[in-house]
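Okay, here's what each chain looks like letter by letter:
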Amino acid sequence: MPSLAGFLRVRAAPVRSGGAMPGKGKAAAKGPAEPGAAAGPVAAAGGGSVRVAVRAKPGARCSAVTDVTAEAVGVAIAAPPSEGEANAELCRYLAKVLEVKKSDVVLEKGGKSRDKVVKISVSATPDEILEKLQREASS
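Now for a description of the structure that goes with this document.

Each value, and the rule that gives it
Position numbers for residues start from 1 in each chain and track the written sequence from start to end. Totals for whole chains, interfaces and linings use all residues, but because this is a predicted model, local features are given only for residues with pLDDT of at least 70 and pairs of side-chain atoms are given and counted only at 80 or more. In computing side-chain properties, one takes all heavy atoms of the structure into account and sets aside hydrogens as well as water. In DSSP terms, a helix is any run of H or I states spanning at least four residues, a strand is any run of E spanning at least two, and both are numbered starting from the N terminus. Using a 1.4 Å probe on the protein chains alone, a residue whose accessible area is under 20% of its type maximum counts as buried, one over 50% counts as exposed, and one in between counts as partly exposed. Note on definitions: a residue-residue contact is assigned when non-hydrogen atoms from the two residues lie within 4.5 Å. Where accessible areas are quoted, they stem from the Shrake-Rupley method and a 1.4 Å probe; at the residue level, only the protein chains shown are allowed to cover. By this definition, two strands are paired if DSSP reports at least two bridges between them. What qualifies as a polar contact is a pair of N or O atoms within 3.5 Å, subject to a donor-acceptor requirement within protein and to the restriction that residues adjacent in sequence count only when both atoms come from side chains. Nonpolar cores are built from buried Ala, Val, Leu, Ile, Met, Phe, Trp, Tyr and Cys residues. Side-chain atoms within 4.5 Å join them into one set. As defined here, a cavity is a set of points on a 1 Å grid over the protein atoms alone where a 1.4 Å probe fits but cannot get out. A pocket is an open set with protein on both sides within 12 Å along at least five of seven lines, and residues line them when an atom is within 4 Å of a point. Grid points are joined across faces, edges and corners, and a volume is the space filled by probe spheres set on the points. Just so you know the grouping, Ala, Val, Leu, Ile, Met, Phe, Trp, Tyr, Cys and Pro go in nonpolar, Asp, Glu, Lys and Arg go in charged, and all remaining residues, Gly too, go in polar.

## Quick look at the overall build of the protein
Then step 1. In terms of regular secondary structure, the protein is built from three helices and six strands.
Then step 2. The order of helices and strands in the protein, counted from the N terminus, is α-β-β-β-β-α-β-β-α.
Then step 3. Each of the 139 residues in the protein was classed as buried or not, and the buried ones make up 29%.
Then step 4. Put simply, 44% of the contacts in the protein that link residues at least 6 apart link residues at least 24 apart.
Then step 5. When the accessible area of the protein is evaluated, it comes to approximately 9400 Å², of which 55% is carbon and sulfur surface.

This is the structure we're talking about:
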């Protein structure tokens, strides 16, 4: 059994003083992660695929693209946020809007969050995907 003295030594680590701690705020998110990637909610992912940042709004009456901002594409989802139903509906709806196969749309991050990243495996540019999403949002 480990001694308590070793635990206390680890816990009593010196605290840095002065200066701000590095954070994940606006300074960390100044530019795109990949060189040549588009700024905004749609970016090239490499390998002929595109990543879309989505702000999901489950429990809506009908699925719709509500808005396209600099951070994410707002999507109202006509499914409850339980047992992955909203995630499946999100992928199905985006496949319909972007006119691609359902198997080409995969939830990459955010399975239990409203902020999600969807990977679309098609030979389309981020600008083409963004244009389709903006067209759907304005209709």
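Further notes follow.
## A closer look at the pairing of strand β1 (residues 42-46)
Then step 1. Sheet topology note: the β1/strand β2 (residues 49-58) ladder contains four bridges and is antiparallel. Pairing of A43 across the sheet is with R51, part of β2.
Then step 2. In sequence, β1 turns back onto β2 through a hairpin of two residues, with G47 there showing a positive phi of about 70°.

## Digging into the environment of G48
Then step 1. Checked against the element boundaries, G48 lands in the loop between β1 and β2.
Then step 2. Not counting residues up to four positions away in its chain, the partners in contact with G48 are S121, V122 and S123.

## Concerning the side chain of N87
Then step 1. With respect to the helices, strands and loops of the structure, N87 is situated in helix α2 (residues 85-98).
Then step 2. A polar atom in the side chain of N87 sits 2.9 Å from the backbone oxygen of G111.
Then step 3. The residues contacting N87, other than those within four sequence positions of it, are L107, G111 and K116.

## Re the nonpolar core
Then step 1. One finds V52, V105, I120, I129 and L133 to be the most contacted residues of the largest nonpolar core, which totals 25 residues.
Then step 2. Looking at which element gives the most residues to this core, the answer is α2, with eight residues.
Then step 3. For L133, the contacting residues outside a window of four places in its chain are V42, V52, V65, V68, V73, L94, V97 and L98.

## A closer look at the layout of surface pockets
Then step 1. Here the second largest pocket is characterised by a volume of approximately 180 Å³.
Then step 2. Taken together, 14 residues make up the lining of the second largest pocket; nearest its centre are P81, N87, G111, K112 and K116.
Then step 3. Of all the elements in the fold, those that place two or more residues in the lining of the second largest pocket are β2 and α2.
Then step 4. Sorting elements by how many residues they give to the lining of the second largest pocket places α2 first, with three residues.
Then step 5. A breakdown of the residues in the lining of the second largest pocket according to their chemical character gives four nonpolar, five polar and five charged.

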